[in-house]
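# Structural features, examined
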Amino acid sequence: PQAAPAKGASSCGTFVPAGADRRLFQATVEELLPARPPSSVSPYPALEESERAVILIVEDHAQMRQFLSEQLTPQYRVVEAANGQEGLALAQHVHPDLILTDMMMPIMSGDEMLIALRADPACAPIPVIVLSARGNEEHRLSLLRAGAQDYLVKPFSSEELEVRLGNLLMVHRTRRVLQQELASSQQDVETLARALAGRVHDLEAINTELEHMSKQQRNFVAVVSHEFRTALTGIQGFSELLCEQAWSPEEVKEYATDITTDVKRLTRMINEVLDLERMKAGQAPLVSEPVDLNALLKDLAAHTQPLIPKQRITCILDDALPLIQGNRDQLIQVLSNLLSNAVKYSPDGGAIVLSSQHEQDSVQISVQDQGIGIPEEAQKDIFLPYNRITAEQTRYIAGTGLGLAVVHELVSLHGGTIWVESAVGHGSTFHISLPISQETC
């Protein structure tokens with residue numbers, strides 16, 4: 001997901017890079033953000049004509065304000081203010097459904113505007129989401145006590161902003177509708193309470209999902225930062241050794257090999273992240289051709305076996321396996337990821353079995369190992385992004401938790417399914433079922 005830019009610290013809270021960095025920053029912003037024609041619209045538009053929710057953005061940083069406006073405009077009516085004083089005036093005139101505000105601003109800060117809003121009976125019910133570059137707990141609690149409903153630390157993802165904003169709007173509009181109904185009629189309060197309880201239940205489900213997403217994101221950041229630091233430390237260390245003194249050709253080759261290994265590791269991690277995001281965004285079209293899966297499995301086993309002398313790969317293949325329509329490179333990526341996992345989690349001397357079988361309207365590929373196995377409670381989340389099995393045995397095994405998520409997306413792109421059978425201490429078997437198209441029968 002796209003992340004909101006973080007605003008740097010300056011005298012009035014505006015991000016202002018120094019020297020050549022400033023020119024580069026400005027050129028990058030102008031390239032990424034389309035030019036906005038001068039607006040001839042009144043600063044107090046007649047928003048009552050639209051039934052869409054009205055969002056007031058209060059932000060002194062022009063690029064950040066534009067970023068937020070472009071994110072929200074497809075779903076909401078957006079009005080903008082450059083400081084707390086303008087924001088307060090707009091809130092009192094327009095009465096928006098929600099206010100999204102920065103903290104550090106000239107003339108009137110976000111804190112001061114928040115206090116003024118809560119002192120105004122007409123504006124007091126408007127929910128406020130605070131945007132801040134300060135993430136400490138004391139600051140967050142002080143803003144919540146002052147009347148803010150939610151708090152986002154920059155940089156944040158557009159998905160998180162959308163979910164938090166949607167949650168508050170749903171509660172705000174539900175409360176407003178309930179108050180209007182109670183004021184205008186003698187409608188059954190019990191019916192309204194049940195409806196509200198249903199909304200609350202939906203909100204709790206959304207919040208639970210949001211907490212799960214946040215936890216996954218935190219885990220991902222922790223794992224990826226560790227993996228990147230490890231690889232970069234190796235690259236830096238071996239590079240410095242090569243620069244320090246003259247080495248023999250054998251030693252140079254050894255250090256260069258270690259650097260290449262770490263570079264490949266970084267490249268793989270970056271590619272996994274990019275592949276997953278492209279597939280989630282629907283930007284990975286399937287270019288099909290006839291593919292011989294048995295040949296792919298044989299080639300993969302032949303290329304991998306010399307690299308793992310302490311383990312052995314066995315192929316049990318169905319000679320009657322038909323060709324399927326698919327993308328050869330993507331299917332190689334699927335099988336390579338599964339075999340790589342089997343190697344990582346298998347003990348020395350363990351057997352890894354690659355098998356194929358012709359079903360009625362599909363072909364089934366299986367990758368079996370004799371590794372540590374997957375707990376039953378973890379199997380339902382094994383194909384989710386950023387998910388890794390937490391166990392003492394896996395603690396020192398490298399990985400980002402993206403490999404199986406990429407595999408799942410690629411298999412789905414081919415119209416197939418993937419599942420796992422596993423028991424702790426008895427290994428795992430990953431099964432893939434892919435359809436046989438009429439063109440290849």
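Here's what I pulled together on the structure shown here. No experiment lies behind these values; they were computed from the predicted model shown.

## Notes on the packing of aromatic side chains
Evaluated as defined, the whole model comprises 1 aromatic pair. Geometrically, the ring pair formed by phenylalanine 383 and phenylalanine 430 is edge-to-face, given 6.2 Å between the ring centres and 80° between the ring planes. Of this pair, phenylalanine 383 sits in the loop between helix 11 (376-379) and helix 12 (403-413) while phenylalanine 430 sits in strand 12 (residues 428-435), and the two are 47 residues apart along the sequence. Here phenylalanine 383 and phenylalanine 430 have matching classes, each one buried.

## A closer look at empty space enclosed by the protein
Tallying each qualifying case throughout the model produces 2 cavities of 30 Å³ or more. Within this model, the second largest cavity holds a volume of roughly 40 Å³. If you go around the second largest cavity, the residues you meet are Leu293, Leu331, Val334, Leu335, Ile365, Ile432 and Leu434. Elements with a minimum of two residues in the lining of the second largest cavity: helix 10 (328-344) and strand 12. Residue composition of the lining of the second largest cavity, by class: 7 nonpolar, no polar and no charged.

## Description of the pairing of strand 1 (residues 54-58)
Here strand 1 lies mainly inside the structure; 5 of its 5 residues are buried. By the alternation rule, side chains of strand 1 split into Val54, Leu56 and Val58 and Ile55 and Ile57, which are all buried. Relative to strand 2 (residues 77-81), strand 1 is paired through 5 bridges, and the arrangement is parallel. Its bridge partner lying in strand 2, leucine 56 is registered against valine 79. A crossover connection joins strand 1 to the parallel strand 2 through helix 2 (residues 62-72); in handedness this β-α-β unit is right-handed. Both strand 1 and strand 3 (residues 98-102) contribute to a ladder of 4 bridges, which runs parallel. Its bridge partner lying in strand 3, leucine 56 is registered against isoleucine 99.

## Notes on the sheet that holds strand 5 (residues 150-153)
Spatially, 5 strands are ordered 2-1-3-4-5 in an open sheet, and the strand pairing comes out parallel. The open sheet terminates on both sides in strands that have one partner only, identified here as strand 2 and strand 5. Averaged over neighbouring strand pairs, the angle between their axes works out to 20° when direction is ignored. Relative to the sheet, helix 3 (residues 84-94) contacts strand 1, strand 2 and strand 3, its axis offset from that of strand 1 by approximately 165°.

## Structural notes on helix 9 (residues 293-304)
In this model helix 9 runs 16 Å from its N-terminal to its C-terminal C-alpha over 12 residues, within 8% of the 16 Å that 1.5 Å per residue would give. Taken together, the buried positions of helix 9 are occupied by Leu293, Asn294, Leu296, Leu297, Leu300, Ala301 and Thr304. What you see down the axis of helix 9 is that its buried residues fit within an arc of 160°, all on one side. In this structure, helix 9 carries Lys298, Ala302 and His303 as exposed residues pointing more than 90 degrees from its buried face. Between a side-chain oxygen at the N-terminus of helix 9 and the backbone nitrogen of asparagine 294 the separation is 3.1 Å; the capping residue is aspartate 292.

## A word on the packing of helix 3 against helix 4 (residues 110-119)
Interaxial distance between helix 3 and helix 4 falls to 9 Å at its minimum, and their mutual angle equals 25°. Taken together, the axes of helix 3 and helix 4 lie roughly parallel to each other. When you trace helix 3 past helix 4, the crossing you get is right-handed. Mapping the contact onto sequence places Gly84, Gly87, Leu88 and Ala91 in helix 3 and Met113, Ala116 and Leu117 in helix 4.

## Overview of the side chain of threonine 429
As for its position among the elements, threonine 429 is in strand 12. In this structure threonine 429 touches Ser366, Val367, Gln368, Trp419, Val420 and Glu421, once residues within four positions along its chain are discounted.

## A closer look at the packing of helix 10 against helix 12
A packed helix pair is summarised by two numbers, namely the angle formed by the two axes and the spacing between the axes. It is the contact of helix 10 with helix 12, at a shortest axis distance of 9 Å, that shows an interaxial angle of 145°. Two packed elements cross with a definite hand, and for helix 10 against helix 12 that hand is left-handed. Mapping the contact onto sequence places Gln330, Gln333, Val334, Asn337, Leu338 and Asn341 in helix 10 and Gly403, Leu404, Val406, Val407, Leu410, Val411 and Leu413 in helix 12. Split by residue class, the contact of helix 10 with helix 12 holds 8 nonpolar, 5 polar and no charged.

## Here we look at the sheet that holds strand 11 (residues 417-422)
Judged by pairing direction, the sheet is mixed, and its 5 strands sit side by side in the order 7-9-10-12-11 without closing on themselves. Edge strands, defined here as strands with exactly one partner in the open sheet, are strand 7 (312-316) and strand 11. Averaged over neighbouring strand pairs, the angle between their axes works out to 15° when direction is ignored. Here 6 bridges tie strand 11 to strand 12, and the two strands are oriented antiparallel to one another. What sits directly across from serine 422, in strand 12, is serine 428. In the packing of helix 9 onto the sheet, the strands contacted are strand 7, strand 9 (351-358), strand 10 (362-368) and strand 12, and the crossing angle to strand 9 comes to about 170°. Packing of helix 12 onto the sheet brings it into contact with strand 11 and strand 12, and relative to strand 11 it is tilted by some 135°.

## Section: unusual backbone geometry
Even without being glycine, histidine 95 reaches a positive phi, approximately 55°. Mapped onto the secondary structure, histidine 95 falls in the loop between helix 3 and strand 3. Even without glycine at this site, isoleucine 107 takes up a positive phi of about 70°. Following the sequence through the fold, isoleucine 107 ends up in the loop between strand 3 and helix 4. Among the residues examined, isoleucine 107 registers a relative accessible area of 62% and is labelled exposed.

Procedures and definitions
- Residues numbered from 1 in each chain as written.
- Predicted model: local features only at pLDDT ≥ 70, side-chain atom pairs only at ≥ 80, totals over all residues.
- Heavy atoms only, no water.
- Phe/Tyr/Trp six-rings, centres within 6.5 Å; stacked < 30°, edge-to-face > 60°.
- Helix = DSSP H or I, 4+ residues; strand = E, 2+ residues; numbered from the N terminus.
- Buried < 20%, exposed > 50% of the residue type's maximum accessible area, 1.4 Å probe, protein only.
- 1 Å grid on protein atoms, 1.4 Å probe; cavity = no way out; pocket = protein on both sides within 12 Å on 5 of 7 lines; lining within 4 Å.
- Points joined across faces, edges and corners; volume = space filled by probe spheres on them.
- Nonpolar A, V, L, I, M, F, W, Y, C, P; charged D, E, K, R; others polar.
- Pairing = 2+ DSSP bridges.
- Right-handed = clockwise from strand over helix to strand, strands pointing away.
- Axes fitted to C-alpha atoms, helices over the stretch in contact; angles between N-to-C directions.
- Contact = heavy atoms within 4.5 Å.
- Expected span 1.5 Å × (residues − 1).
- Arc of directions from axis to C-beta.
- Polar contact = N/O pair within 3.5 Å; in protein donor to acceptor, adjacent residues only side chain to side chain.
- Parallel < 35°, antiparallel > 145°, perpendicular 65-115°, else oblique.
- Left-handed = near helix turned anticlockwise from the far one by under 90°.

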